[in-house]
Amino acid sequence: MEKNIEAARIMIPQKQYEEALTLLSKVIRNNPNNYQAYLLRSQAKYGLQDYLGSMNDAQEILAERFKADSNSIFIAHHNIGTCYNNLGLYEKAITSLNLAKSLNSSDVSVHFSLSYSYMQLQVLDSAIVELDALLKLAPKDKRGYYGKGKVYIMKEKYQEAILEFDKAIDVDPNYVMAYQNRGEAKRLIGDNAGSCSDWQKCVELGLEDIKPYLKMVCQ
């Protein structure tokens, strides 16, 4: 059974979710108390966008009978929170993600997931708090700057948004979504030339969907 667990650990990062699911279900049938199998199967189901199934397996890990280690409990709460995000249940996501954060506040992914929940609920100051926490832990994480840029657009603070997208692009000069959103922020302050330049860069980076906007704004 341990061989199946280790094989699944390798398969999931390679997006071989169906194969991992088959192996892990076999492990659970033979040993219903193997919480590592539930944890991995939750991740495989998440990869297959089976969010309810993923949450059910994560909930199993929290069962008293398992006495799972704190890291596994953290992962379970985080998985449940990200599933709720994908289902559009953002308040429930925040509850689960805060439980995860209480167990490990140094994990950047939980701050990013919480920022997404808050953005969807328009609780923008809380989103900024989570993104600042992420960047304090990982100053080179482009998602933090990109997320702050998105929040500032939502707050109609377009110059601040542009500065954050600048930082994201400094980290990754090929970050196409940062160019796209920086272009939108520039358009909103009347800088059509800057907007067109950013959107042209998006085309060069392979973002075909931007072409109608280029046509509308830049010609």
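Residues numbered from 1 in each chain as written. Predicted model: local features only at pLDDT ≥ 70, side-chain atom pairs only at ≥ 80, totals over all residues. Heavy atoms only, no water.

Topologically, K186 is positioned in helix 11 (residues 176-188). Contact partners of K186, with chain neighbours within four places excluded, come to I162, D191, G194, S195 and D198. (Helix = DSSP H or I, 4+ residues; strand = E, 2+ residues; numbered from the N terminus. Contact = heavy atoms within 4.5 Å.)

Here we take up unusual backbone geometry. The general pattern is negative phi for most residues beyond glycine and trans for most peptide bonds. Even without glycine at this site, Q49 takes up a positive phi of about 65°. Relative to the elements of secondary structure, Q49 occurs in the loop between helix 3 (35-47) and helix 4 (51-61). Residue class for Q49 comes out exposed when judged on its relative accessible area of 58%. The phi torsion at Q122 lies on the positive side, around 65°, for a residue other than glycine. Locating Q122 in the fold gives a position in the loop between helix 7 (108-120) and helix 8 (124-137). Assessed through its relative accessible area of 52%, Q122 is described here as exposed. (Buried < 20%, exposed > 50% of the residue type's maximum accessible area, 1.4 Å probe, protein only.)

Turning our attention to the packing of helix 3 against helix 4. Two numbers describe how helix 3 lies on helix 4: the axes approach to 8 Å, and their chain directions differ by 160°. As judged from the angle between their axes, helix 3 and helix 4 are roughly antiparallel. Here helix 3 and helix 4 pass one another in a crossing that is left-handed. Counting all contacts with helix 3, which are made through Y35, Y38, L39, R41, S42, K45 and Y46, the residues of helix 4 involved are Y51, G53, S54, D57, A58, E60 and I61. A class-by-class count of the residues in the contact of helix 3 with helix 4 yields 7 nonpolar, 3 polar and 4 charged. (Axes fitted to C-alpha atoms, helices over the stretch in contact; angles between N-to-C directions. Parallel < 35°, antiparallel > 145°, perpendicular 65-115°, else oblique. Left-handed = near helix turned anticlockwise from the far one by under 90°. Nonpolar A, V, L, I, M, F, W, Y, C, P; charged D, E, K, R; others polar.)

What follows is about the pattern of salt bridges. This structure, assessed with the given rule, holds 15 salt bridges. Across the salt bridge formed by K101 and E130, the nearest N and O atoms sit 2.8 Å from each other. Of this pair, K101 sits in helix 6 (residues 90-103) while E130 sits in helix 8, and the two are 29 residues apart along the sequence. Its relative accessible area of 22% is what places K101 among the partly exposed residues. Taking the shortest distance from any N to any O, the salt bridge between E184 and R187 comes out at 2.7 Å. (Salt bridge = Lys/Arg side-chain N within 4 Å of Asp/Glu carboxyl O.)

For the rest of this paragraph, the subject is the state of the cysteines. According to the stated counting rule, one finds 1 disulfide in the structure shown. What pairs with C196 in a disulfide is C218, and their sulfur atoms sit 1.9 Å apart. Around the S-S axis, the bridge from C196 to C218 shows a dihedral of about -105° and counts as left-handed. Of the two residues, C196 is situated in helix 12 (residues 192-204) and C218 in helix 13 (residues 211-218); the sequence distance between them amounts to 22 residues. A residue is classified by how much of its surface remains accessible, and C196, at 16% relative accessible area, is buried. (Disulfide = S-S within 2.5 Å.)

A word on the side chain of H77. Its location among the elements puts H77 in helix 5 (residues 70-86). Sequence-distant contacts of H77, that is, excluding residues within four places in its chain, are made with L62, S96, L99, A100 and L103.

Moving on to the environment of I162. Along the polypeptide, I162 turns up in helix 10 (residues 158-171). Residues I162 and L121, spaced 41 residues apart in sequence, show a C-alpha to C-alpha distance of 23 Å. With residues up to four places along the chain from it excluded, the contact list for I162 reads R182, A185, K186 and I189.

The grouping of L52, L87 and L89 at the surface amounts to a nonpolar patch, some 260 Å² of accessible area in total. With respect to the helices and strands, the residue L87 is situated in the loop between helix 5 and helix 6. (Patch = residues over 30% accessible without salt bridge, like charges linked within 9 Å, V, L, I, M, F, W, Y side chains within 5 Å. Areas by Shrake-Rupley, 256 points an atom, 1.4 Å probe, with all protein chains shown as cover.)

Considering the arrangement of structural elements, one finds S102 in helix 6. Residue classification places S102 among the exposed residues on the basis of a relative accessible area of 59%. Along the primary structure S102 and K142 are separated by 40 residues, whereas in three dimensions their C-alpha atoms are 24 Å apart. A distance of 2.6 Å separates the side chain of S102 from the backbone oxygen of L99, its partner in a polar contact. (Polar contact = N/O pair within 3.5 Å; in protein donor to acceptor, adjacent residues only side chain to side chain.)

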